[in-house]
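# Structure assessment
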Amino acid sequence: SYFISKGMLPDKKESLRYLNLACDNDHPGACYYTALLYRNGDEDIQMESDFSKFKKLMLQGAELEDCDCLHFLADAYYNGDEWVDEPDIVQVKTYE
């Protein structure tokens, strides 16, 4: 992994590039972890948080049936978080 490596410094920019490529190829787990990076940002690589990319990737991961994305989305909906609404839930057919 480029974020966690033995014997060498992590290359977070390169890791993010590979994570985005994995998301572009519908890798469910990559969608979850990349969404969290976009939600929080990362000072080490001067990455600002990007809420629209966070939401897009979290919903993409949920549509791909990633259990972490589904749990995150269900928890957000249950708690009334502003970023998720009923059309998002309907979009994820797994809930039916």
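Quick note: structure is the one above.
Because the structure is predicted, anything quoted here is derived from the model rather than measured.

## Quick word on the pattern of salt bridges
For the coordinates displayed, the defined rule picks out three salt bridges. For Asp42, the salt bridge is made with Lys12, and the minimal N-O distance between the two is 3.3 Å. In this pair, Asp42 sits in the loop between α2 (28-40) and α3 (51-63) while Lys12 sits in helix α1 (residues 12-24), placing the two residues 30 residues apart along the sequence. Classification of Asp42 by relative accessible area gives buried; the value is 11%.

## Thoughts on α3
Residue pairs spaced three or four apart in an α-helix point in one direction, given the helix's 3.6 residues per turn. The end-to-end C-alpha distance of α3 is 18 Å, a good match for the 18 Å that 13 residues give at a rise of 1.5 Å each. Looking only at α3, the buried set comprises Phe54, Leu57, Met58, Leu59, Gln60, Gly61 and Ala62. Note on α3: the residue one or two positions beyond its end, Glu65, has a positive phi of about 65 degrees.

## A look at helix α4 (residues 67-78)
Taking 1.5 Å per residue as the helical rise, α4 with its 12 residues ought to reach 16 Å, and the 16 Å between its terminal C-alpha atoms agrees with that figure. For α4, every residue scored as buried is listed here: Cys69, Leu70, Phe72, Leu73 and Ala76. All buried residues of α4 project into a common sector of 165 degrees when viewed along the axis, lining one side. The exposed residues of α4 that point more than 90 degrees off its buried face are Cys67, His71 and Tyr78. One or two residues past the end of α4 sits Gly80, with phi positive at roughly 70 degrees.

## Some remarks on the packing of aromatic side chains
By the definition in use, this model includes three aromatic pairs. Ring centres of Phe54 and Phe72 lie 5.8 Å apart, and the angle between their planes is 75 degrees; this geometry places the pair in the edge-to-face category. Separated by 18 residues along the polypeptide, Phe54 in helix α3 and Phe72 in helix α4 bring together distant segments of the chain. Here the aromatic residues Phe51, Phe54 and Phe72 are joined through ring pairs into a cluster of three or more.

Criteria and cut-off values
- Residues numbered from 1 in each chain as written.
- Predicted model: local features only at pLDDT ≥ 70, side-chain atom pairs only at ≥ 80, totals over all residues.
- Heavy atoms only, no water.
- Salt bridge = Lys/Arg side-chain N within 4 Å of Asp/Glu carboxyl O.
- Helix = DSSP H or I, 4+ residues; strand = E, 2+ residues; numbered from the N terminus.
- Buried < 20%, exposed > 50% of the residue type's maximum accessible area, 1.4 Å probe, protein only.
- Expected span 1.5 Å × (residues − 1).
- Arc of directions from axis to C-beta.
- Phe/Tyr/Trp six-rings, centres within 6.5 Å; stacked < 30°, edge-to-face > 60°.

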